[in-house]
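Results of the structural survey
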There are 2 protein chains.
Amino acid sequence: MRNSRDDGPAGLLRLVATGQAESRAELARLSGLAASSVSLRVEQLLDAGLFAEEGAGASRGGRRPRRLRLARQAGVFLVADLGAHHARLAVVDLAGAPLALSDLTCDIAVGPEKTLTGVIDALRALARAHGLGDVPVRGAGIGLPGPVDPATGQVVSPSRMPGWNDFPVRDFVTAQAGVPALVENDANLMAVGEHRHSRPACDNLMVIKLGSGIGCGVIVDGRLHRGRGAAGDISHVRILSEATVDCSCGHPDCLEAHASGAALAAALAAQDIAVEHPGEIVDLVADGVPQATSAVRTAGRLIGDVLTALVNFFNPDALIIGGSLSNAEPLVATIRGVIYERCLPLATRNLEIDTSAAGRDASILGAGHLLLDASDDWIDRALDR
Amino acid sequence: MRNSRDDGPAGLLRLVATGQAESRAELARLSGLAASSVSLRVEQLLDAGLFAEEGAGASRGGRRPRRLRLARQAGVFLVADLGAHHARLAVVDLAGAPLALSDLTCDIAVGPEKTLTGVIDALRALARAHGLGDVPVRGAGIGLPGPVDPATGQVVSPSRMPGWNDFPVRDFVTAQAGVPALVENDANLMAVGEHRHSRPACDNLMVIKLGSGIGCGVIVDGRLHRGRGAAGDISHVRILSEATVDCSCGHPDCLEAHASGAALAAALAAQDIAVEHPGEIVDLVADGVPQATSAVRTAGRLIGDVLTALVNFFNPDALIIGGSLSNAEPLVATIRGVIYERCLPLATRNLEIDTSAAGRDASILGAGHLLLDASDDWIDRALDR
DNA sequence: CCAACTTCCTTCGATATCGAAGCCAAACAG
DNA sequence: CTGTTTGGCTTCGATATCGAAGGAAGTTGG
């Protein structure tokens, strides 16, 4: 039951931070370490000020356990989920749970330096405003609406973020914030967030983010699958349709050109229905505007068609549909229907298809979890003194 | 550098068996263990008769290492790769390398008991015939042309193996052969074989097996991805075509119904060209029979179309094309062309598309590797006395 | 040929982990 | 209320791993 991520003293901290363990005994069970070793390490973590002991937990039939929790001073992460015109900011605890949230309007097109500097300042201010000024910041996480090279932490070329291509986002954030930084695609963060938050038992997960664009994050064997940095792209699959639409990628009839929030907005605009944000499409559907419902159904069919192939191939435990458009019920229903109808019984027998449980903070949660996964360094340092 | 598979004393044996390490020093480097610990464990492995010391290796600028290799008495695995009318049998060493090979004609439709009993007897005879009668058999591996549930080792329902559905293949083989048995889909075994044999550095790999059917095995992060048992299916993706062909799965126009070896044979038969095995199609193509070449090109386009979506999504390091049809050059060229043309540059920039390097024994190699991966039990037992 | 280095492997004391035994504190049963 | 049972946690000796030091057996360069 012991995996590499849970080895070392940092593993115990992870178990407590994520709420999986509350006592030394639980730590021993989950970590696979001997009870005596756990006690020694917990002692160190208490000495280092990362753990706090607080009262007693519920008895399981014998002596009540001494409850362990993260110390306030254990630290926080600063996290921002950037969209094209909007950023969602959060100060989160070491498990990714938001302690403070706020929204920031910003234009990603002004370029990385300005945007990131503004975001980091706003994050610092947010922490101070919530009385967290004295808690050490252990890391910073940035979610971006485009492909990110995991090795370098740079935005990779064909992104729709003018001025960001090949900009060393991770290095810049590390320098500006003065702490280790994590940069990741937003759909990937969402996938991690959903996995850890609502489906820790599902080792294989696909998370589709339906907003202005179409993103997808994949969890394989409990870990985020990045491939060479582009994994999870489903938006540029060619689909068959009557009308031909050219996609920004240069090929005709990509899924994104027909079924993304932006494509739906354009289709509705052609019918004299003005839409600014994908969320407004959801409202139109909820209000029973037939053109909107019909457009959303068509999109669902196209998305579902693409997903059948991927579900057969990847055979996940669950398929999660998130993003603002996931609140349009006919869209989700259509996708679900297409998949259940056309996939192999073997692939759908145990497949769950659901909308996001973590909602719009899934990415923020995910960033927290990934930052915690990358925290061995500072944890070891904190223990050494 | 140390992963869970390489922990414990079994890890050292694996490193030597696979040829990655030949000396104590190399073992220390690759395993991450201290040199002193390696020496102790090697001592145990020598005492247990699993290792043998043999002369000296090449110097790297200092003292020459004492070369380690597997002892002859370390053991062998018995492996069979079953097809519909044919089985390839092998006695392999602990790394999966064939020590003895043979072919057996058999009809899988006579049911599992008869088939498996015959195969196991033939394997035992093969070992004796090659003077391996006194070497302990450590495990048995069976590759099957259909979906296998990894948890139970049973063939799963919609297979094209009459009489095998829900038959407990693994338990039966374990009982018959008296050793731990491994049962796995043939394309999955091929994927493992290709990965370990020719591309150990590629952590993400897709292997397509083009024979009478279309199979696919996936390596993610260096490990075989099984999903819930059906992962890797690409044959029942719906494709668009002029003529409608109903597939055995009940849906129209599956990839397999149009582009598999069986489908090609049927198409050629309709043009009065009789074909029995997929290999004969390769011959026809090599002989320049235009109908065959044209059919194969069409199939390549269809297969390539399906793969573009999967390559974008999975973003592998390499795509390997194997199976008997992979020797038809126009087929491979067409697939390659479609993928390079239509996938995202990000996905194809570092993508290698090649035909199988391990050839038709890839599955056998893969079975050996998986058996070795599952060998901790008997290795520990051998060390304890 | 010899000295200086490099690499391989082992020796040996320090450290970490383990696991059995026991103590502690609460639940439970009579 | 009192003994028994259960689970939580710690103590302590046994074992395994580590890493520094050193010996063995080569190569390299003068």
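Note that this is a predicted model, so its numbers are computed, not measured. (Residues numbered from 1 in each chain as written. Chains lettered and ligands numbered in written order. Predicted model: local features only at pLDDT ≥ 70, side-chain atom pairs only at ≥ 80, totals over all residues.)

1. Focus: the overall build of chain A
So the rule is basically this: Helix and strand labels come from DSSP, where a helix needs a run of H or I of at least four residues and a strand needs a run of E of at least two; each type is numbered from the N terminus. For a compact globule the rule gives 2.2 Å times the number of residues to the power 0.38, and the radius of gyration it is set against comes from C-alpha atoms. Exposure is read from a count of other C-beta atoms within 10 Å of each residue's own; the residue is exposed at 12 or fewer, buried at 20 or more and partly exposed in between. C-beta atoms are placed from the backbone. We call two residues in contact when their backbone-placed C-beta atoms lie within 7 Å.
Check the secondary structure of chain A and you find 14 helices and 14 strands. Radius of gyration (C-alpha) of chain A: 22 Å, near the 21 Å computed for a compact globule of 385 residues. Projected onto the principal axes, the alpha-carbon positions of chain A cover approximately 70 × 50 × 40 Å. Counting over 385 residues, chain A shows a buried share of 50%. In chain A, once contacts between residues fewer than 6 apart in sequence are set aside, the share between residues at least 24 apart is 62%.

2. Brief notes about the protein's contact with DNA strand C
Quick note on the threshold: Only the C-beta atom matters for nearness: placed from the backbone, it must lie within 6 Å of the molecule or strand for the residue to count as near. Lys, Arg, Asp and Glu make up the charged group, whereas Ala, Val, Leu, Ile, Met, Phe, Trp, Tyr, Cys and Pro make up the nonpolar group; the residues left over, Gly among them, are polar.
A:Ser36, A:Arg63, B:Ser39, B:Gly62 and B:Arg63 are the nearest of the 21 residues found near DNA strand C. Only helix 3 (35–47) of chain A together with helix 2 (24–31) and helix 3 (35–47) of chain B provide two or more residues apiece to the surface near DNA strand C. Looking at the surface near DNA strand C, the element that brings in the most residues is helix 3 of chain B, giving three residues. Residues belonging to the surface near DNA strand C are distributed by class as follows: five nonpolar, 10 polar and six charged.

3. Considering the packing of helix 10 (residues 290–314) of chain B against helix 11 (residues 329–342) of chain B
For any two helices packed against each other, one specifies the crossing angle of their axes together with the interaxial distance. Residues and elements named next belong to chain B. As a reminder of what qualifies: In this analysis, axes come from line fits to C-alpha atoms, helices being fitted only over the stretch in contact, and the angle between any two N-to-C directions falls in the range 0 to 180 degrees. Here a crossing is called left-handed whenever its near helix is offset anticlockwise from the far helix by less than a right angle, and right-handed whenever the offset is clockwise.
Contact geometry of helix 10 with helix 11 gives a least axis separation of 7 Å together with a crossing angle of 35°. Where helix 10 crosses over helix 11, the handedness of that crossing is right-handed. Judged by residue contacts, Thr293, Val296, Arg297, Ala299, Gly300, Arg301, Ile303, Gly304, Asp305, Leu307, Thr308 and Val311 of helix 10 engage Pro330, Leu331, Thr334, Ile335, Val338, Ile339 and Arg342 from helix 11. A class-by-class count of the residues in the contact of helix 10 with helix 11 yields 10 nonpolar, five polar and four charged.

4. A look at the protein's contact with DNA strand D
Close to DNA strand D lie 21 residues; A:Ser39, A:Gly62, A:Arg63, B:Ser36 and B:Arg63 are nearest. Those elements that place two or more of their residues in the surface near DNA strand D are helix 2 (24–31) and helix 3 of chain A together with helix 3 of chain B. Sort the elements by how many residues they give to the surface near DNA strand D and helix 3 of chain A lands first, with three residues. Considering only residue class, the surface near DNA strand D consists of five nonpolar, 10 polar and six charged.

5. As for the relation of the copies chain B and chain A
Convention followed: Copy-to-copy superposition: least squares on the C-alpha atoms, limited to residues that have pLDDT of at least 70 in both copies.
For the pair chain B and chain A, the relating rotation is 180°, the translation along its axis is 0.0 Å, and the fit reaches an RMSD of 0.0 Å. In symmetry terms, the pair is related by a two-fold rotation axis. The overlap is high: 100% of the interface residues of chain B also sit at the interface in chain A, so the same surface is used on both sides.

6. Description of the environment of B:Ile335
Note that B:Ile335 resides in helix 11. On the basis of neighbour counts, which here come to 26 C-beta atoms within 10 Å, the residue B:Ile335 falls in the buried class.

7. Focus: the nonpolar core
Soluble, globular proteins show a tendency: their nonpolar side chains are buried together. Defined as follows: Definition of nonpolar core: a set of buried Ala, Val, Leu, Ile, Met, Phe, Trp, Tyr and Cys residues joined via C-beta atoms within 7 Å.
Formed by 241 residues in total, the largest nonpolar core has its most connected members in A:Ile281, A:Val306, A:Leu310, B:Ile281, B:Val306 and B:Leu310. Not counting residues up to four positions away in its chain, the partners in contact with A:Ile281 are A:Gly261, A:Leu264, A:Ala265, A:Val275, A:Ala292, A:Val296, A:Leu325 and A:Ala328.

8. Topic: helix 10 of chain B
All names here are of chain B. Definition in use: One fewer than the residue count of a helix, multiplied by 1.5 Å, yields its expected span. The bend at a residue is defined as the angle formed between two axes, one fitted to the seven residues ending at that residue and one fitted to the seven starting there.
Look at helix 10: 35 Å from first C-alpha to last across 25 residues, which is about the 36 Å you get at 1.5 Å a residue. Remark: the principal bend of helix 10, roughly 25°, maps to Leu307. Burial within helix 10 is extensive, with 18 of its 25 residues counted as buried.

9. Structural notes on the sheet that holds strand 5 (residues 98–105) of chain B
All names here are of chain B. Quick note on the threshold: For two strands to pair, DSSP has to find at least two bridges joining them.
One open sheet holds the five strands; their spatial order is 5-4-3-6-9, and the pairing between them is mixed. A single partner strand is all that each edge strand has here, and the edge strands are strand 5 and strand 9 (181–185). Pairs of neighbouring strands in the sheet enclose a mean axial angle of 15°, with direction left out of account. Against the sheet, helix 13 (residues 362–373) contacts strand 3 (76–82), strand 4 (86–92), strand 5, strand 6 (137–144) and strand 9, and its axis sits at roughly 135° relative to strand 3.

10. Examining the interface of chain B and chain A
Contacts between the two partners involve 40 residues from chain B and, on the opposite side, 41 residues from chain A. Residue assignment for the side of chain B that touches chain A shows that the elements contributing at least two residues are helix 10 and helix 12 (345–348) of chain B. It is helix 10 of chain B that contributes the most residues to the side of chain B that touches chain A, six residues altogether. Class assignment for the residues of the side of chain B that touches chain A results in 20 nonpolar, 13 polar and seven charged.

11. Examining the sheet that holds strand 9 (residues 181–185) of chain A
Residues and elements named next belong to chain A. Read from one edge of the open sheet, five strands run 5-4-3-6-9, paired in mixed fashion. Each having just a single partner strand, strand 5 (98–105) and strand 9 make up the two edges of the open sheet. On average, each strand axis in the sheet is tilted by 15° relative to the strand beside it, whichever way the strands run. The pairing of strand 3 (residues 76–82) with strand 4 (residues 86–92) spans six bridges and is classified as antiparallel. Bridge assignment links Ala80 to a residue of strand 4, and that residue is Leu89. Relative to the sheet, helix 4 (residues 112–129) contacts strand 3, strand 4 and strand 5, its axis offset from that of strand 4 by approximately 40°. Where helix 13 (residues 362–373) meets the sheet, it contacts strand 3, strand 4, strand 5, strand 6 (137–144) and strand 9, and its direction lies at approximately 135° from that of strand 3.

12. As for helix 9 (residues 278–286) of chain A
Residues and elements named next belong to chain A. As a reminder of what qualifies: Working note: the arc is built from the helix axis to C-beta atom directions.
Residues of helix 9 that are buried include every one of Pro278, Ile281, Val282, Leu284 and Val285, and no others. The arc that holds every buried residue of helix 9, seen down its axis, measures 160°, which confines them to one face. Against helix 8 (261–269), helix 10 (290–314) and helix 11 (329–342) lie the buried residues of helix 9. Note on helix 9: the residue one or two positions beyond its end, Gly288, has a positive phi of about 80°.

13. Some thoughts on the pairing of strand 13 (residues 318–322) of chain A
Residues and elements named next belong to chain A. Burial analysis of strand 13 places five of its five residues in the buried class, the great majority of the element. Of the two faces of strand 13, the one holding Ala318, Ile320 and Gly322 and the one holding Leu319 and Ile321 are both buried throughout. Alignment of strand 10 (residues 205–210) against strand 13, held across five bridges, turns out to be parallel. Bridging from a neighbouring strand, Leu205 pairs with Ala318 of strand 13. As paired elements, strand 13 and strand 14 (residues 352–355) share four bridges and run parallel to each other. For Ala318, the partnering residue across the bridge sits in strand 14 and is Glu352.

14. Some details on the packing of helix 9 (residues 278–286) of chain B against helix 10 of chain B
Residue and element names in this part refer to chain B. Packing of helix 9 against helix 10 brings their axes to within 7 Å, and their N-to-C directions diverge by 115°. Viewed along their axes, helix 9 and helix 10 form a crossing whose handedness is left-handed. Taking contact as the criterion, the partners of Ile281, Leu284 and Val285 in helix 9 are, on helix 10, Ala292, Thr293 and Val296. Classifying every residue of the contact of helix 9 with helix 10 by side-chain character gives five nonpolar, one polar and no charged.

These results come straight from atomic positions and should not be treated as a statement about function.
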